[in-house]
Amino acid sequence: MPKSQLELLVLYQDVQLMLHEAEEQENMGFQVEGRKNLENALKELADTIQTRYIRTYDRLKTRHTRPIAPVSNDVCLGCFAKQPTSYKARAWDDKQIITCEHCGRILYWIY
Amino acid sequence: MHLNELIGYFREEFFLPALQSEGKEALLEEMVEPLLEHEVIKNKRVILETLKKRETLGSTGIGYGVAIPHCRTLAVADVQIVIGRSTKGVSYEALDGEPVHLFFLIVAPPQEKSNLYLPILGKLVEILRDESFRKQLQSIDTFDAFKNILLGE
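Residues numbered from 1 in each chain as written. Chains lettered and ligands numbered in written order. Predicted model: local features only at pLDDT ≥ 70, side-chain atom pairs only at ≥ 80, totals over all residues.

Some words on helix α3 (residues 45-57) of chain B
Then step 1. Between its terminal C-alpha atoms α3(B) stretches 19 Å, which fits the 18 Å expected from 13 residues at 1.5 Å a residue.
Then step 2. Burial analysis of α3(B) places ten of its 13 residues in the buried class, which makes it a mostly covered element.
Then step 3. Turning to α3(B), its buried residues are V46(B), I47(B), L48(B), E49(B), T50(B), L51(B), K53(B), R54(B), E55(B) and L57(B).
Then step 4. Tucked inside the fold, the buried residues of α3(B) contact α1 (5-28) and α2 (35-48) of chain A together with α2 (24-37), β4 (70-72) and β6 (100-108) of chain B.
Then step 5. Downstream of α3(B) by a residue or two, G58(B) has a phi angle that is positive, lying close to 155 degrees. (Helix = DSSP H or I, 4+ residues; strand = E, 2+ residues; numbered from the N terminus. Expected span 1.5 Å × (residues − 1). Buried ≥ 20, exposed ≤ 12 C-beta atoms within 10 Å, placed from the backbone. Contact = placed C-beta atoms within 7 Å.)

A short note on the interface of chain B and chain A
Then step 1. Across the contact, 28 residues belong to chain B and 31 residues belong to chain A.
Then step 2. Counting residues per element, the ones that place at least two in the side of chain B that touches chain A are α3, β4 and α4 (117-128) of chain B.
Then step 3. Among the elements that take part in the side of chain B that touches chain A, α3(B) stands out by supplying eight residues, more than any other.
Then step 4. Across the side of chain B that touches chain A, the residue classes break down as 13 nonpolar, eight polar and seven charged. (Nonpolar A, V, L, I, M, F, W, Y, C, P; charged D, E, K, R; others polar.)

Focus on the pairing of β6(B)
Residues and elements named next belong to chain B.
Then step 1. Burial analysis of β6 places nine of its nine residues in the buried class, the great majority of the element.
Then step 2. Where strand β3 (residues 66-67) and β6 come together, two bridges link them in parallel fashion. Within the sheet, the bridge partner assigned to V66 lies in β6 and is L102.
Then step 3. As paired strands, β4 and β6 are joined by three bridges and run parallel to one another. Counterpart to R72 in the pairing with β6 is A108.
Then step 4. For strand β5 (residues 80-90) and β6, the ladder comprises seven bridges, and the chain directions are antiparallel. If you follow I81 over to β6, its bridge partner there is I106. (Pairing = 2+ DSSP bridges.)

Here it is as structure tokens:
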């Protein structure tokens with residue numbers, strides 16, 4: 001199970017997308033009968049994530065399809081704005097989440 | 001999607017001809033390991049959890065000894081495919097209840113420029129429905145032999 005609040009938020013977004021794409025996969029012949037299971041898993045995840053982070057996520061969701069953006073070479077891949085280099089060092093600090101200075105998306109460093 | 005295009009996504013370092021795992025969870029972990037070794041992912045936690053969540057939606061064991069575990073996750077920057085084979089078979093809760101011998105694990109980022117995740121998934125399902133192709137795959141041990149079968153050589 002993911003450890004940090006940021007990892008849990010990433011999982012939360014991944015599961016939302018999975019539910020969204022379920023129908024297309026069903027058309028390919030995959031067995032997709034467990035939507036309810038996944039919806040329940042989503043609720044459980046929401047309960048595990050701190051309320052303030054879920055609130056931030058939901059607020060961003062009204063503006064962006066995917067509120068969490070990956071970062072590559074210090075660039076937010078949601079809006080392509082350059083981020084301060086110092087952000088990366090703080091990226092895995094569980095006491096805070098880092099958001100893009102330009103678009104406000106939650107940032108996630110893949111490496 | 002053309003077969004040649006699909007082959008471009010296969011990498012020798014992500015070809016595992018002798019999987020050791022016997023159960024689903026261990027199998028997923030074994031298949032994700034090379035992604036960590038080759039620094040495609042930072043850690044295995046998010047990707048494994050997303051793959052497991054996908055299995056709760058319905059098994060990706062599509063029958064006739066084949067499984068295509070897959071998910072989109074922010075944990076990867078590009079589409080990655082890991083191919084695995086288990087000679088003894090893995091208990092994977094496949095649609096037909098049979099053990100699974102061939103695995104194609106696909107992970108893709110949520111947003112990708114070329115949007116190839118679903119076409120790749122669809123193409124794999126299509127080629128793996130061919131029984132003679134599946135039988136040939138069971139008998140090979142090297143990545144080159146695998147590619148030659150795909151190319152019909």
